[in-house]
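Here is what each chain is made of, one letter per residue.
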Amino acid sequence: MSAGSKINRSLYVLMINMFIAMLGIGLVIPILPKLLEDFHAGGTAAGYLIAASGLTQFLFSPLAGEWADKYGRKVMIVLGLGLFTLSQFLFAVANVMWMLYASRFLGGIGAAMMIPAMMAYVADSTTEETRGKGLGLLGAAMSLGFVIGPGIGGFLADLGLRAPFYISALVAAIATVLSFFMLKETLSAERRQAAKASEQKRESILKQLVASVKAPYFIYLILVFTLTFGLVNFEAVFSLYVDNKYAYTTKEISVIITVGSLVGVVIQGAVINKLLLRFGENKLINVSFLISAIMMVLMLLSGNFWYNMLLILIFFTFTSIMRPAINTALSKMAGPEEQGFVMGMNNAYMSLGNIFGPALAGILFDVHMNLPYSFGAVILILSLVLSLTWGRKMSSLRKQKLETAGTQG
């Protein structure tokens, strides 16, 4: 078997496992309003539950990224999937709120171990020219699992509100076993030993965040945060929003999320590499921020089922394009020796978005159900302004360098 075919097989395994893990997350969306009723909880609790996962993901991401460089990608992927399995089972059997929070905390740790290791695995296995395609396929698998999850969750809810969580735990356990037996380590023993032997001590997460401000890829880390903030802000209260404002049923919520975002996932997996090569990361990022913000505002104008399905289709199409565009730009600016660390920081900034986005969305929802979408649109527009400003600055610097080189020549 050629090296290329081995790489492709490993990528397919990663895609399958990412799909299964994200499937478990998507399952809960349409049943969240009914589930929280059993605990006499509302929007604030929903936001805090999602933020709980983001908090532990944030705290463990840099450490997990460092471990991925020291101990290899495979072990972190397997451990992450194992913790995710445990978290879903705990959610299934929970009968008090603290068990729900404990489940979410464990899920965040699992995501911190799994996601940056998977991204680093792809970076190890691809060239710079094919990295965008590899990350795009992995992102498509992530999005596809999340997209299909609500539809399956709405169907399984007919068997009982807890049935989707038991199924999620089962499929996550299958992903763990697949990863253990089918994935091959991509990080050489020499590079792992060098990382272990390094005398450089790991700084605290706060020091790393402060240091990241000076990094050449800092702007992309900020955009990872704002994208995640806007996306999770949208998702965290969507089911509560349409349930309370328009009386959507569990199955209607399942269908509108599943069908509305499926086209976006297909576009991401099929054409993201062509889009990156033709337009470049920055143009795709800017257009995606603008369109996503407009969709959030339009959400407030009508409760028509087909209208909202169209909006969500467009919204998820552009956010699905935006994430691999940002990840590709970030990966290209990082050196080969720091891919694990940089992807860990990527996950840390994503976790910050997962903390503040849903927590604030839940609080704002309980004040007025329209506020999460209004505020989310403002954040995305500010991100567009930041990206455009930084892009002009980089263009100016490149022009100055060319002019200086021409003069010296």
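Just so we're clear, the structure is a prediction, and the values are computed from it rather than from any experiment.

Here we come to the packing of aromatic side chains. Counted by the stated rule, this structure contains 11 aromatic pairs. The interplanar angle of 45° and the centroid separation of 6.1 Å between the aromatic rings of Tyr246 and Tyr248 together place this pair among those described as tilted. Overall, Tyr248 belongs to the buried group, its relative accessible area being 6%. The rings of Tyr241, Tyr246, Tyr248, Phe305, Trp306 and Tyr373 are connected pair by pair, giving a single aromatic cluster. Above the face of the Phe180 ring, Lys74 is positioned so that its terminal group lies 5.4 Å from the ring centre.

The next point concerns helix α3 (residues 43-71). The terminal C-alpha atoms of α3 lie 40 Å apart, and with 29 residues this matches the ideal 42 Å at 1.5 Å per residue to within 8%. Of all 29 residues that make up α3, 21 are buried, and the element is covered over most of its length. A positive phi of about 105° marks Gly72, the residue just after α3.

Time to look at the packing of helix α10 (residues 218-236) against helix α13 (residues 305-333). Between α10 and α13, the least distance of the axes is 10 Å, while the angle of their chain directions is 160°. When the interaxial angle is binned, α10 and α13 end up roughly antiparallel. Remark: the crossing between α10 and α13 carries left-handed chirality. Every residue of α13 that contacts α10 at Tyr220, Leu221, Leu223, Val224, Leu227, Thr228, Gly230, Leu231, Phe234 and Glu235 is listed here: Ile312, Phe315, Phe316, Thr319, Met322, Arg323, Ile326, Ala329, Leu330 and Met333. Class assignment for the residues of the contact of α10 with α13 results in 15 nonpolar, three polar and two charged.

Quick notes on the rules
Residues numbered from 1 in each chain as written. Predicted model: local features only at pLDDT ≥ 70, side-chain atom pairs only at ≥ 80, totals over all residues. Heavy atoms only, no water. Phe/Tyr/Trp six-rings, centres within 6.5 Å; stacked < 30°, edge-to-face > 60°. Buried < 20%, exposed > 50% of the residue type's maximum accessible area, 1.4 Å probe, protein only. Lys NZ or Arg CZ within 6 Å of the ring centre and 35° of its normal. Helix = DSSP H or I, 4+ residues; strand = E, 2+ residues; numbered from the N terminus. Expected span 1.5 Å × (residues − 1). Axes fitted to C-alpha atoms, helices over the stretch in contact; angles between N-to-C directions. Parallel < 35°, antiparallel > 145°, perpendicular 65-115°, else oblique. Left-handed = near helix turned anticlockwise from the far one by under 90°. Contact = heavy atoms within 4.5 Å. Nonpolar A, V, L, I, M, F, W, Y, C, P; charged D, E, K, R; others polar.

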